[in-house]
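The chain contents come next:
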Amino acid sequence: MEKILLDTDIGSDIDDALCLAYLLANPACNLLGITTVTGESAKRAMLADVLCKHAKKNIPIFPGTENSLIIPQKQPVAQQAVKLADWPHEVNFPKGQAVDFLRETIHTNPGEITLLTIGPLTNIALLFKIDPEIPLLLKKIVMMSGVFKIQQPYCEWNVTCDPHAAAIVYGAPVKKSISIGLDVTLQCTMNIEEIKKRFNIPFLKPVFDLAKVWFENTDKITFHDPLAAVTVFHNDVCSFEKGTVEIELMNEKIIGKTLFNKDSNNLKHKIAINVDVKNFFLYYFSVFNS
């Protein structure tokens, strides 16, 4: 069983809900807790609880930091919260305890926890700064974060929402840091018609309901966050390169750009450079058929 702590901005892009559903259905996953981040973090906690209750799992959930460390918040609203009235969920969660929860859980399980981050890294930066020992106590950190090998006219969303937090996390002395960036996640897409067919699974009913909000503005889903989760359990789904990662903070026009330098001797950072799309979808949907 893989011990996982999930930090998520569920409620904006639908891929967070897809990721959480995968973790809840995966028999190899021991999900120790969930923290939420960015605007309306309490509503995001409620959305996470919708999926947990539907899966009949009692998972600790803690709303985390709503504001970025320095720059204005770019994601103030959890759009999918309009669906909360349709599903049972808790409404009261511990306030101001997300970082303490992460800290205590990691100290209780030294060297055993994979920290999976699929949102802006504000909570994690605060955690690392409050307790500098934490990075050394993690088994590894896996992040849906960055864009490294392809030229983009923009920065990856989780980094650019709080680039200063990302800089702190990437600079921390973790034993193993794995980044799944847009280079590979953009290859894992599914259109609305295929989604309707594949999501005809009782376990995914609330996810499909939340996806209706997402489909008001697009006709496809990109499985950014689920890919990061699948790599935790299937290290053959992506190929990787070792190197160093820095976050561009000085240029205001491109603040949050992820800079990668290949270094085969680097033992800390790995970035995904390719993905086996067919096997990814096989791995992802297999947990709902077990």
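For the structure itself, look to the data block above.
Rules and cut-offs
Residues numbered from 1 in each chain as written. Predicted model: local features only at pLDDT ≥ 70, side-chain atom pairs only at ≥ 80, totals over all residues. Heavy atoms only, no water. Salt bridge = Lys/Arg side-chain N within 4 Å of Asp/Glu carboxyl O. Helix = DSSP H or I, 4+ residues; strand = E, 2+ residues; numbered from the N terminus. Buried < 20%, exposed > 50% of the residue type's maximum accessible area, 1.4 Å probe, protein only. Core = buried A, V, L, I, M, F, W, Y, C linked by side-chain atoms within 4.5 Å. Contact = heavy atoms within 4.5 Å. Lys, Arg positive; Asp, Glu negative; His and termini not counted. Polar contact = N/O pair within 3.5 Å; in protein donor to acceptor, adjacent residues only side chain to side chain. Patch = residues over 30% accessible without salt bridge, like charges linked within 9 Å, V, L, I, M, F, W, Y side chains within 5 Å. Areas by Shrake-Rupley, 256 points an atom, 1.4 Å probe, with all protein chains shown as cover. Pairing = 2+ DSSP bridges. Axes fitted to C-alpha atoms, helices over the stretch in contact; angles between N-to-C directions.

Peer 1: Could you give an account of the pattern of salt bridges, naming the residues involved and the relevant values?
Peer 2: Inspection of every chain in the model, using the stated rule, returns twelve salt bridges. With its nearest N and O atoms 3.8 Å apart, the salt bridge here joins glutamate 241 to lysine 262. Pair noted here: glutamate 241 is in strand E9 (residues 238-247) and lysine 262 is in strand E10 (residues 258-262), with a separation of 21 residues, a long-range link. Taking relative accessible area as the criterion, glutamate 241 reaches 15% and is therefore assigned buried. Sharing partners across several salt bridges, the network here consists of Asp49, Lys53 and Glu90.

Peer 1: I'd like to hear about the nonpolar core, residue by residue, with values.
Peer 2: Counting 68 residues, the largest nonpolar core has Leu23, Leu31, Leu116, Phe223 and Phe280 as its most contacted members. For phenylalanine 223, the contacting residues outside a window of four places in its chain are Leu18, Cys188, Met190, Ile195, Phe199, Phe280, Phe281 and Tyr284. Counting residues in each nonpolar core, the second largest holds 32 residues, with Leu32, Leu127, Met143 and Ala166 among its members.

Peer 1: Could you give me a rundown of the side chain of glutamate 248, with the residues and numbers involved?
Peer 2: One can find glutamate 248 in the loop between E9 and E10. Buried within the structure, glutamate 248 lacks any salt-bridge partner; its nearest side chain of opposite charge belongs to lysine 257, at an N-O separation of 7.2 Å. Separated by 2.8 Å, the side chain of glutamate 248 and the backbone nitrogen of methionine 250 make a polar contact.

Peer 1: Explain a nonpolar patch on the surface to me, using residue names and the numbers behind them.
Peer 2: A contiguous nonpolar surface patch, about 250 Å² in accessible area, is contributed by Ile150, Tyr154 and Leu186. By secondary structure assignment, the location of tyrosine 154 is in the loop between strand E5 (140-144) and helix H6 (157-161). By relative accessible area, which is 43% here, tyrosine 154 ends up partly exposed.

Peer 1: Provide a residue-level description of the sheet that holds strand E1 (residues 2-8), including the pertinent values.
Peer 2: Read from one edge to the other, the open sheet built from nine strands follows the order E3-E2-E1-E4-E5-E6-E11-E9-E10, with strand pairing classed as mixed. Sheet topology places strand E3 (61-63) and E10 at the edges, where each strand pairs with a single neighbour. Shown here is a sheet whose adjacent strand axes are inclined to one another by a mean of 30°, direction ignored. Relative to strand E11 (residues 269-275), E9 runs antiparallel, the two being bridged by six bridges.

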